[in-house]
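# A look at the structure
Each chain, letter by letter, is given below.
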Amino acid sequence: MAAIRIVLMGPPGAGKGTQAARLAAAHGALHLATGDILREALKSDTPLGREARRYVDSGTLVPDRVVLALVEERLRAGGAGQGFVLDGFPRTVPQAEGLDILLDGLGAPLDGVLVLDVPDEVVVERLGGRRTCPACGAVYGPEGRSERVEEDRCDRCGAPLEVRSDDRPETIRRRLEVYREQTRPVVVHYELRGLARRVDGVGGRDEVTARLEEALSGLLPPTAVQGATR
Ligand code: AMP
């Protein structure tokens, strides 16, 4: 299978986590979600966890140097060769520039960037009803709840579900502002280089996955689409 090297972007609540996990699994790639790595660090009393907490809890961005170091460590450890789906990174233009330099050095340039388009009102509704499993990371949207046997527990691992500390209404608004101000310019950074494809993120999970796969096949070299290795 050809290694894919892509970034999945979109506002908070666009479905990046779910869709990035699906794309990574389908293509044997590493799913690298900086939000997940940071939340994991918050649970432990490490210097990274202590530094990240005030940013994550307030819905603002962790400093670029911290996030870049996390990503670099993981890409050097194997992600660059195996292929990767970056989720929630880069979120600022300096992060995107740092990633360009890192990938150049690794000889593993991006195939492209998929941008999930979801209107603000849909984001607020989705995040307001979202609950997550602190143990295994599963995410439950409002529509998923009725399917669960036991209302407050994770279907996958049985742990009690939580509302993420940054999914409170005032923090959701702050995260949307941060996206508009700091992350939209990253979309432009990639659009100017002809690397970005916009994908409608409204609809069922399978429907959105199919749209992403179609956009992805337009970004990959023809040999990769046919399943050749490179
Ligand atoms: P997410 O799970 O991607 O929504 O990220 C949750 C929070 O983690 C964000 O609101 C930020 O505080 C922090 N975070 C995640 N990724 C980044 C990043 N690339 N740069 C800075 N902060 C980040």
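Placed above this text is the structure.
Residues numbered from 1 in each chain as written. Predicted model: local features only at pLDDT ≥ 70, side-chain atom pairs only at ≥ 80, totals over all residues. Heavy atoms only, no water.

## Some remarks on the overall build of the protein chain
Secondary structure summary: the protein chain contains 9 helices and 7 strands in total. Taken over C-alpha atoms, the radius of gyration comes to 17 Å for the protein chain, in line with the 17 Å a tight globule of 230 residues would show. For the C-alpha atoms alone, the extent of the protein chain along its principal axes is close to 45 × 40 × 30 Å. Out of the 230 residues belonging to the protein chain, those deemed buried represent 47%. Sequence-distant contacts, at least 24 apart, represent 70% of the contacts inside the protein chain between residues at least 6 apart. (Helix = DSSP H or I, 4+ residues; strand = E, 2+ residues; numbered from the N terminus. Rg over C-alpha atoms; globule rule 2.2 N^0.38 Å. Buried < 20%, exposed > 50% of the residue type's maximum accessible area, 1.4 Å probe, protein only. Contact = heavy atoms within 4.5 Å.)

## Description of the site of the ligand
Surveying the vicinity of the ligand reveals 17 residues, the closest of which are Thr34, Arg39, Thr60, Gly88 and Gln95. A distance of 3.0 Å separates an oxygen atom of the ligand from a polar atom in the side chain of arginine 39. At 2.6 Å, a backbone N or O of threonine 60 approaches an oxygen atom of the ligand. Bound to the protein, the ligand loses 95% of the 480 Å² it would expose on its own. Within the residue set of the shell around the ligand, elements represented by two or more residues are α2 (34-43) and α3 (47-58). If one sorts the elements of the shell around the ligand by residue count, α2 sits on top with 4 residues. Looking at the shell around the ligand, its residues break down into 7 nonpolar, 5 polar and 5 charged. (Near = heavy atom within 4 Å. Polar contact = N/O pair within 3.5 Å; in protein donor to acceptor, adjacent residues only side chain to side chain. Areas by Shrake-Rupley, 256 points an atom, 1.4 Å probe, with all protein chains shown as cover. Nonpolar A, V, L, I, M, F, W, Y, C, P; charged D, E, K, R; others polar.)

## Comments concerning the pairing of strand β4 (residues 112-117)
Across the 6 residues that make up β4, a large majority, 5, are buried. As defined by bridge partners, strand β1 (residues 5-9) adjoins β4 across 4 bridges and the pair is classed as parallel. Looking at β4, one finds that methionine 9 is bridged to valine 115. Relative to strand β7 (residues 196-200), β4 runs parallel, the two sharing 5 bridges. Directly across from valine 115, in β7, lies its bridge partner arginine 198. (Pairing = 2+ DSSP bridges.)

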